[in-house]
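Letter by letter, the chains look like this.
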Amino acid sequence: MIKTKNNGFTVVELVIVVVIIGIISTIGFVQYSSSQKRSRDAIRQSHVAKIVEALETYYVSNGRYPNYSMFPGPGRTGSTIPNTAWFNSSNVSWDNLFNLLKPYIGDTKLVDPINTNTAWTAAGVNNYNYSYFSGGYCGVAVGQMYILVYRLESGKVINTLEGECLTNPLNLYGNNSSNYRVVRR
């Protein structure tokens, strides 16, 4: 009887190899996805810092923060989401705000890396929202405070509050939104 040498793989060996490749691929995908989220969050935090710097420079030059009444004609309203006191990076109202800040921020329009359309940050989507608030909040006049709302994908919430809010304090917005609020007296 002649013995033949079998040089092939068994089905069990092939299944084990496929399972191992699947596990390694899954781990790699999860790491890649997490890395992308951290990268987008870093971009968001950089954008917020630049927007805040532009708003503060605008304030020094004009004695107030920007609001929708500074726009001429029919384009003078803010966003429809959540209301006209807000500027939303997912619609034309952000262009209006950006045009006011352009001398202080440069030509690169800063929008959220995902920039979800037709919603606002507190609804759990990713975009930037700015409001000057029309009065009654924190006991200051119109143009003397603002809030910038954004959302980090990591779920981390950053609540930067500068200035005292004596009346009608603003709370964090929903769905893991972060705030940057400045109040001038």
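My aim in this report is to walk through the structure given alongside it, one point at a time. (Residues numbered from 1 in each chain as written. Predicted model: local features only at pLDDT ≥ 70, side-chain atom pairs only at ≥ 80, totals over all residues. Heavy atoms only, no water.)

1. Examining empty space enclosed by the protein
Condition: Throughout, the protein atoms alone are placed on a 1 Å grid, and a set of points is a cavity if a 1.4 Å probe fits but cannot get out or a pocket if it is open with protein on both sides within 12 Å along at least five of seven lines; lining residues have an atom within 4 Å of a point. Grid points are joined across faces, edges and corners, and a volume is the space filled by probe spheres set on the points. Labels follow the DSSP assignment, with helices taken as runs of H or I lasting at least four residues and strands as runs of E lasting at least two, numbered in each case from the N terminus. Side-chain classes are defined by residue name, with Ala, Val, Leu, Ile, Met, Phe, Trp, Tyr, Cys and Pro counting as nonpolar, Asp, Glu, Lys and Arg as charged, and the others, Gly among them, as polar.
Tallied over the entire structure, the rule returns 1 cavity of 30 Å³ or more. The space that makes up the largest cavity amounts to roughly 50 Å³. As for the largest cavity, its lining consists of Ile-51, Trp-94, Leu-97, Phe-98, Leu-101, Ile-105 and Leu-110. At 5 residues, helix α2 (residues 92–105) tops the list of elements feeding residues into the lining of the largest cavity. Considering only residue class, the lining of the largest cavity consists of 7 nonpolar, no polar and no charged.

2. Observations regarding the sheet that holds strand β3 (residues 145–151)
Put simply, the rule is: Only strands that DSSP links by at least two bridges are regarded as paired with each other. With axes taken as lines fitted to C-alpha atoms, and helix axes fitted only over the stretch in contact, angles between N-to-C directions fall between 0 and 180 degrees. Contacts are assigned to residue pairs that have any heavy atoms within 4.5 Å of one another.
Judged by pairing direction, the sheet is mixed, and its 5 strands sit side by side in the order β1-β2-β3-β5-β4 without closing on themselves. Each end of this open sheet is capped by a strand with a single partner; those strands are β1 (86–88) and β4 (159–162). When strand polarity is set aside, the average angle formed by the axes of neighbouring strands in this sheet is 15°. This element, α2, spans β1, β2 (129–131) and β3 of the sheet and lies at about 105° to β1.

3. Regarding helix α1 (residues 11–62)
The periodicity of an α-helix, 3.6 residues per turn, causes residues three or four places apart in sequence to face the same way. Test applied: To estimate how far a helix should reach, multiply one less than its number of residues by 1.5 Å. Accessibility here uses a 1.4 Å probe with only protein chains present; expressed as a share of the type maximum, an area under 20% marks a residue as buried, one over 50% as exposed, and anything in between as partly exposed.
Here α1 is 52 residues long and its end C-alpha atoms lie 75 Å apart, about the 76 Å a rise of 1.5 Å per residue gives. Every buried residue belonging to α1 is among Asp-41, Arg-44, His-47, Val-48, Ile-51, Val-52, Ala-54, Leu-55, Glu-56, Tyr-58 and Tyr-59, and all of these are buried. Where α1 is buried, its residues touch α2, β2, β3 and β5 (177–183). Trailing α1 by a residue or two, Gly-63 shows a phi angle of about 75°, which is positive.

4. As for the nonpolar core
For clarity, the cut-off: We call a set of buried Ala, Val, Leu, Ile, Met, Phe, Trp, Tyr and Cys residues a nonpolar core when their side-chain atoms join them within 4.5 Å.
Judged by nonpolar contacts, the single largest core of 38 residues is most densely connected at Ile-51, Trp-94, Tyr-130, Tyr-146 and Leu-148. Of all the elements in the fold, those that place two or more residues in this core are α1, β1, α2, β3 and β5. Sorting elements by how many residues they give to this core places α1 first, with 7 residues. With near-sequence residues (within four places) excluded, Tyr-146 lies in contact with Val-52, Leu-55, Glu-56, Tyr-65, Tyr-130, Ser-131, Tyr-132, Tyr-180, Arg-181 and Val-182.

5. What to know about the environment of Ile-105
Of note, Ile-105 is situated in helix α2. Distance from Ile-105 to Thr-57, taken between C-alpha atoms, is 9.2 Å for residues 48 residues apart in sequence. The residues touching Ile-105, leaving out its near neighbours within four places in the chain, are Lys-50, Ile-51, Ala-54, Phe-98 and Leu-110.

6. A closer look at unusual backbone geometry
Its identity is not glycine, yet Asn-115 carries a phi of approximately 50°, on the positive side. Looking at the secondary structure, you find Asn-115 in the loop between α2 and β2. Here Asn-115 falls in the buried class, since its relative accessible area comes to 16%.

7. Notes on the environment of Asn-159
Within the fold, Asn-159 resides in strand β4. Separated by 22 residues in the primary sequence, Asn-159 and Arg-181 have C-alpha atoms spaced 8.0 Å apart.

8. With respect to the pairing of β3
In terms of residue burial, β3 counts as a mostly covered element, since 7 of its 7 residues are buried. Of the two faces of β3, the one lined by Met-145, Ile-147, Val-149 and Arg-151 and the one lined by Tyr-146, Leu-148 and Tyr-150 are each fully buried. Bridge count between β2 and β3: 3 bridges; the pairing is antiparallel. Residue pairing for β3: Ser-131 is matched across the bridge by Ile-147. Direction of pairing for β3 relative to β5: antiparallel, over a ladder of 7 bridges. Within the sheet, the bridge partner assigned to Arg-151 lies in β5 and is Ser-177.

9. What to know about the packing of α1 against α2
Worth spelling out the cut-off: Roughly parallel means an angle under 35 degrees; roughly antiparallel means over 145; roughly perpendicular covers 65 to 115; every other angle is labelled oblique.
Interaxial distance between α1 and α2 falls to 9 Å at its minimum, and their mutual angle equals 75°. Classified by the angle their axes make, α1 and α2 are roughly perpendicular. The residues of α2 that touch α1, namely those facing Lys-50, Ile-51, Ala-54, Leu-55, Thr-57, Tyr-58, Ser-61 and Asn-62, are Trp-94, Leu-100, Leu-101, Tyr-104 and Ile-105. Counted by class, the contact of α1 with α2 contains 9 nonpolar, 3 polar and 1 charged residues.

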